[in-house]
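Residue-level structural notes
In case you want the letters, here they are:
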Amino acid sequence: MLRILFAILAGLFGAALLHLVIILSLPHFTGKDAATRVASEGDLDKFYLLGSTDDAAGLSNDDPFVRTAVCSFDIVENPIRLTAKGNVPFWSVALYDEASNEVFSMNDRTSVGGALDILVGTPIQLTELRKALPPDLQKTILVESTRSEGYVVLRTLAPQASFDAAARNFLAEAGCDEYAGPSD
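Note that the structure is predicted; figures quoted are calculated from it, not measured. (Residues numbered from 1 in each chain as written. Predicted model: local features only at pLDDT ≥ 70, side-chain atom pairs only at ≥ 80, totals over all residues. Heavy atoms only, no water.)

1. Points about the state of the cysteines
Worth spelling out the cut-off: By definition, disulfides here are pairs of cysteine sulfur atoms that lie within 2.5 Å. Helix and strand labels come from DSSP, where a helix needs a run of H or I of at least four residues and a strand needs a run of E of at least two; each type is numbered from the N terminus. Throughout, exposure labels follow a simple rule: accessible area from a 1.4 Å probe, protein chains only, divided by the maximum for the residue type, with under 20% read as buried, over 50% as exposed, and the rest as partly exposed.
Scanning the model with the defined rule gives one disulfide in all. Between the sulfur atoms of Cys71 and its disulfide mate Cys176 the distance is 1.9 Å. Disulfide Cys71-Cys176: the torsion about the S-S bond is -70°, which places it as left-handed. Highlighted residues: Cys71 in strand β2 (residues 66-74) and Cys176 in strand β9 (residues 175-178), separated in sequence by 105 residues. By relative accessible area, Cys71 is classed as buried at 0%. Overall, Cys176 belongs to the buried group, its relative accessible area being 2%.

2. Things to note about the sheet that holds β2
Quick reminder of the rule: Should DSSP find at least two bridges between two strands, the strands are taken to pair.
In spatial order, the strands read β1-β2-β8-β4-β5; together these five strands make up an open sheet with antiparallel pairing. With partners counted over all chains shown, the strands left at the sheet margins are β1 (48-49) and β5 (102-107), one partner each. Pairing geometry for strand β4 (residues 91-97) and β5, over five bridges, is antiparallel. In the sheet register, Ser92 faces β5, and the bridge partner there is Asn107.

Structure below.
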């Protein structure tokens, strides 16, 4: 009797575990996870402004007071530099790895002078840069990522219609560029 009870409990536990694994891995196999959707927006290292309706990748911005842009990146060869500045009431940026785990986030209140200036690289890339930090990176926040692929979400507020042009301009001029070295 004890063996039958043990077999039933083991079977139920195994079935529950199998279902949990299938449910959690489903986005990976369907290609509908956030990283895949952001990557399908277009080229790497470029911000794409999201509209109020779903685009071809299935992404949209559903908050009427927030404007959002996304950028997919790959830092195998070189780090990426995220830049943006403008006269907006608030902005925030979040970095995610390809598994959609948040790696880093900040907003205009925690930035240097209210401008976005972040360099994302592998630990080896950033160690090399820190040995002789170029002058153009003196005020840049260096962020290490152990995974080479990921995406960035940049948001800004447009609490009234009069802020909309500035918010869209801020996102349109934001940079998500490969950093190959100091600019001369």
